[in-house]
Amino acid sequence: MLKVSNKFSINLSIAISVLFFIACIAGLFIMPVLVPMLIDTPDNIGNRGDITEIGRVLVMAVSYLILAVFIFADVLMFRLLQRVKNGFVFTEQSVSLIRGVSWCCFAVCLLFAFLGLYFQLSFIVAFLGIFLGVCLRVVKNVIAEATEIKNENDLTV
Amino acid sequence: MIIINLDVMMAKRKMSLNELSEKVGITLANLSILKNNKAKAIRFSTLDAICKALDCKVEDIIEYVE
């Protein structure tokens, strides 16, 4: 197993989250090209390349919404990483940040489920979104419990 | 409810918070937590050291009230 020092690991996470942010911003510009391409390419599991005008607008709007949610979640994650770096992991704010990210996962899942009406493969992404959201909720519960224990430990003299 | 009467005992012995923290060997911050009734738990070793430093009984510091 590849094992690196704790500090390096945190810096790596920060670097990845910054890269993801850049990718999202790039996505904002690529989207107007990519989405029509996807709409006009017929596949043999649902999309026959005949999506109506309203459908096109809806798909475009939902795609942008998904990106917005991703960017929001990434910002939350970045703030959480800053807290980890500065040593304030087990606090109420960290718990609410993770809760925020997990709600973002559920939101993305709903949006992908909507896209599934046009591109059936999106249902798989929606399914993964639910799984990730549930995982994060569990992590949130664990951190909340740890926060309580740390609080009690801090207040023992 | 358990309350801490550390300030009363300190006044009787005319001991400052600084002095007590030095004698007991815990930080000023932790002693303040104890004195202001914010503490959730107290170690026996801490209690022992405080009683020794203030030359008093446990019930002089800790009290149970309804």
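Residues numbered from 1 in each chain as written. Chains lettered and ligands numbered in written order. Predicted model: local features only at pLDDT ≥ 70, side-chain atom pairs only at ≥ 80, totals over all residues.

## Description of the overall build of chain B
Phase 1: The secondary structure content of chain B amounts to five helices and two strands.
Phase 2: The N-to-C order of helical and strand elements in chain B reads β-α-α-α-α-α-β.
Phase 3: Scaling as 2.2 N^0.38, a compact globule of 66 residues should have a C-alpha radius of gyration of about 11 Å, and chain B matches this with 11 Å.
Phase 4: Taken across its 66 residues, chain B has 17% of its residues classed as buried. (Helix = DSSP H or I, 4+ residues; strand = E, 2+ residues; numbered from the N terminus. Rg over C-alpha atoms; globule rule 2.2 N^0.38 Å. Buried ≥ 20, exposed ≤ 12 C-beta atoms within 10 Å, placed from the backbone.)

## Section: the environment of V69 of chain A
Residue and element names in this part refer to chain A.
Phase 1: When you line up the elements, V69 lands in helix α2 (residues 53-86).
Phase 2: In this structure V69 comes out as buried when scored by C-beta crowding, with 20 C-beta atoms within 10 Å.
Phase 3: Measuring from C-alpha to C-alpha, the distance between V69 and L111 comes to 9.8 Å, with 42 residues separating the pair along the chain.
Phase 4: Discounting residues that sit within four places of it in the chain, V69 has contacts with C104, A107 and V108. (Contact = placed C-beta atoms within 7 Å.)

## Things to note about the confidence of the model for chain A
Phase 1: Averaged over every residue, the pLDDT of chain A is 90; the share at 70 or more is 96%.
Phase 2: At the low end of the mean pLDDT range in chain A sits helix α1 (residues 6-40) of chain A, at 91; at the high end sits helix α3 (residues 92-115) of chain A, at 94. (pLDDT = per-residue confidence, 0-100.)

## Some thoughts on the environment of A49 of chain B
Residues and elements named next belong to chain B.
Phase 1: Inspection of the secondary structure puts A49 in helix α4 (residues 44-54).
Phase 2: Under the C-beta neighbour-count criterion, A49 is labelled partly exposed, with 16 such atoms within 10 Å.
Phase 3: Taking C-alpha positions, A49 is 15 Å from R13, a pair spaced 36 residues apart along the chain.

## As for helix α3 (residues 28-35) of chain B
Residue and element names in this part refer to chain B.
Phase 1: Of all the residues in α3, the buried ones are L31, I33 and L34. When α3 is viewed along its axis, its buried side chains cluster within an angular range of 155° and face the same direction. The outward face of α3, more than 90 degrees from its buried face, is lined by the exposed residues L28 and A29.
Phase 2: The inward-facing, buried residues of α3 abut β1 (2-4), α1 (6-13) and α2 (17-24).
Phase 3: Once α3 finishes, N37 follows within two positions and takes phi at roughly 60°, a positive value. (Arc of directions from axis to C-beta.)

## Quick notes on unusual backbone geometry
All names here are of chain B.
Phase 1: Despite not being glycine, N37 shows a phi value in the positive range, around 60°.
Phase 2: Within the fold, N37 resides in the loop between α3 and α4.
Phase 3: N37 sits in the exposed class, given 12 other C-beta atoms within 10 Å.
Phase 4: One non-glycine residue, D55, lies in the positive phi region at around 50°.
Phase 5: Its 9 C-beta neighbours within 10 Å are what place D55 among the exposed residues.

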